[in-house]
Amino acid sequence: MFRRQRTPLSHLRPQRIALIKPSALGDIAHSLPVLNALRMLYPTAMISWVANRAYLSILEQHQSLDEVIPFDRTALRGGIGKTVSYSYNFLKDLRRRRFDLVVDLQGLARTGLMCLATAAPRRVGLGTAREGSKLSYTDLIPTPNADRQHAIDRYWLVIEALGGANLPKKFDLPVDPTAQEWVGQQLADCPRPWLMFGVGARWLTKRWPPAHFAHLARAAQQQFGGTAIFVGAADEAEIAQTVRNQLAGPARNFCGGSNLPQLVALLAAADVMVSNDTGPLHLAVALGRPCVAPYLCTSATKHGPYGQTGGVETNVWCKSSYIRQCDRLECMTELTPDRLQPLLFAILSSWKQNSLSVLPLPVLPTVGGT
C-alpha cells in the first residue's frame, strides 16, 4: 500500500483560510504580522480570524481580513447545557465554512478542537502547542529555539513554512477615525509630550510597584514637562489613581474610560509608552510607538517590545519564571526605576529635538489605510 505524499506547505494555494488566535490582546497584536503575510502570500484568498468577541472592534476593519469569526467565551459560563449547545453550533459553523487551510497560533485544547472541527485538509500548528492540540494538526512546525525566540518570530515560522520567509513583518493596526477625533478632543489641552502609562496587569507578578511608575513619571515631567496619561481596564483605575496622586504635573486617567478603538487611538498618539508586560504595551509597539517596560516574571527576549530595546529585565534568580503568584516578589525591589530612566529620557530627548513647541496629532493609519 502506498501512502499519498502530502503537498509541501510552500506549494499550497488555499482559497479559504482561517487564522485561530482568540486571545489575549497582546497575543493578537503579536499575530498581526502573520495575518498580513497571509494576505501577501494569498491575495485573492478569503481570510478569517477566529477571535474572542471582546477584540472584534480592533480586527473587523483590518485591511488584510475578510471577516472575524467571534468566539463568545461568556457563553461557556452559563451551565453545561448552554456550553454544549454553544460549542456545538460554533464548531458546526466552522466546518460549514469549508476552509482549506487553518493556522492555529494559540495551541491549546480549545483551539485544537476548533482546528479539528473545520475538517480542513491542511491544519497547521506550532511545536510549542500544548494540552493535546498537536493531535489536531496535519502539519506541525518545529520550534527548536522557542525559549530564546520572541513570540512574533515563533509565529513567523508558520509563514516561513508557507514560503514567505522574505516577506516584511508588518502590523498595520488601523486607527478608527472617530476614535482618533475623540482623542484629539480629550487631549486638546494636555501639554506634550504625552507620556502613556500602563500601570496594571492581570498577573500580580507582572505589576511593577506604583511607586516606581510615579518615580519615573515625576522625573520625566520635571525634565521634559508633558502629561502623564494612564490607560487600561476599569479594574486598573485605582492603581493608576495611586500613581497619579504622587505626581505634581498634569495627568489624565482613562482606565476604564475608553473603549478598545479609543484605547488604540490613545496609544497611537503616545510620544512614549511606559507599561507592564500587558496588551496595551504590545498594541503601542504595533502602532510604532517607542516603549519602555519592566520585565519581572516574563522575558523581554520572548515578549518584549518587538524591534525595540525598551524591555528591561530584573536580575533576580527566578526571572522569566512566568509564574502568576509569588510570596517573595524580590524582583519588585531589585528592578528599580533608575534602570528604566535612561531609556525613557533618551526617547524623550529625541522627541524634544524633533518637535516644535506646538505639535499636531501624529499622522496615523486609519481604517483601511496602510
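Residues numbered from 1 in each chain as written. Predicted model: local features only at pLDDT ≥ 70, side-chain atom pairs only at ≥ 80, totals over all residues. Heavy atoms only, no water.

Visitor: Which parts of the structure should I look at to understand the overall build of the protein chain?
Guide: On a plain count of helices and strands, the protein chain comes out with 13 helices and 12 strands. Computed over its C-alpha atoms, the radius of gyration of the protein chain comes to 22 Å, within 12% of the 21 Å expected for a compact globule of 370 residues. Taking the principal axes of its C-alpha atoms as reference, the protein chain extends roughly 75 × 45 × 45 Å. In the protein chain, which comprises 370 residues, the proportion classed as buried is 55%. (Helix = DSSP H or I, 4+ residues; strand = E, 2+ residues; numbered from the N terminus. Rg over C-alpha atoms; globule rule 2.2 N^0.38 Å. Buried < 20%, exposed > 50% of the residue type's maximum accessible area, 1.4 Å probe, protein only.)

Visitor: So what exactly am I meant to see when it comes to the pairing of strand 7 (residues 194-198) here?
Guide: Across a regular strand the side chains alternate sides, sitting on one face of the sheet and then on the other. In terms of residue burial, strand 7 counts as a mostly covered element, since five of its five residues are buried. With four bridges joining them, strand 7 and strand 8 (residues 227-230) adopt parallel strand pairing. What sits directly across from Leu-195, in strand 8, is Ala-228. Running through helix 7 (residues 210-224), the crossover from strand 7 to the neighbouring parallel element strand 8 is right-handed. Pairing of strand 7 with strand 10 (residues 272-275) involves four bridges; the strand directions are parallel. Bridging across to strand 10, Met-196 finds its partner in Met-273. (Pairing = 2+ DSSP bridges. Right-handed = clockwise from strand over helix to strand, strands pointing away.)

Visitor: I would appreciate a short explanation of the pattern of salt bridges in the present structure.
Guide: Under the counting rule described, the total for this entry stands at 11 salt bridges. Taking the shortest distance from any N to any O, the salt bridge between Arg-192 and Asp-271 comes out at 2.7 Å. Of the two residues, Arg-192 sits in the loop between helix 6 (177-186) and strand 7 while Asp-271 sits in the loop between helix 9 (260-268) and strand 10, which places them 79 residues apart along the sequence. On the accessibility criterion, Arg-192 (17% relative accessible area) is buried. Because the salt bridges share partners, they merge into one network encompassing Glu-67, Asp-93, Arg-96 and Arg-97. (Salt bridge = Lys/Arg side-chain N within 4 Å of Asp/Glu carboxyl O.)

Visitor: Which parts of the structure should I look at to understand the sheet that holds strand 10?
Guide: In a beta sheet, neighbouring strands are held together by backbone hydrogen bonds and run either parallel or antiparallel to one another. In space, the six strands of this open sheet follow the order 9-8-7-10-11-12, with parallel pairing throughout. Of all the strands in the sheet, the pair left with one neighbour each is strand 9 (251-253) and strand 12 (311-313). Strand-to-strand twist in this sheet, taken as the mean axis angle between neighbours without regard to direction, amounts to 20°. With three bridges joining them, strand 11 (residues 291-295) and strand 12 adopt parallel strand pairing. Each residue of the ladder has a partner; that of Ala-293, found in strand 12, is Gly-311. Contacting strand 7, strand 8 and strand 10, helix 7 runs over the sheet at an angle of about 175° to strand 7. (Axes fitted to C-alpha atoms, helices over the stretch in contact; angles between N-to-C directions. Contact = heavy atoms within 4.5 Å.)

Visitor: Would you take a moment to explain the sheet that holds strand 1 (residues 16-20) for this structure?
Guide: Spatially, six strands are ordered 3-2-1-4-5-6 in an open sheet, and the strand pairing comes out parallel. Each having just a single partner strand, strand 3 (67-71) and strand 6 (139-141) make up the two edges of the open sheet. Across the sheet, the mean angle separating the axes of adjacent strands is 20° when strand polarity is ignored. The strands that helix 1 (residues 25-41) touches are strand 1 and strand 2 (46-52); relative to strand 2, the one it contacts most, it runs at about 170°. Packed on one face of the sheet, helix 5 (residues 151-161) meets strand 4 (101-104), strand 5 (122-126) and strand 6 and runs near 145° to strand 5.

Visitor: I would appreciate a short explanation of empty space enclosed by the protein in the present structure.
Guide: With a probe scaled to a water molecule rolled over the atoms, the places where space remains empty come into view. Here the structure, examined in full by the defined rule, presents one cavity of 30 Å³ or more. Taken as a whole, the largest cavity holds about 80 Å³ of empty space. A class-by-class count of the residues in the lining of the largest cavity yields eight nonpolar, two polar and three charged. (1 Å grid on protein atoms, 1.4 Å probe; cavity = no way out; pocket = protein on both sides within 12 Å on 5 of 7 lines; lining within 4 Å. Points joined across faces, edges and corners; volume = space filled by probe spheres on them. Nonpolar A, V, L, I, M, F, W, Y, C, P; charged D, E, K, R; others polar.)

Any functional reading would require information that these geometric values do not contain.
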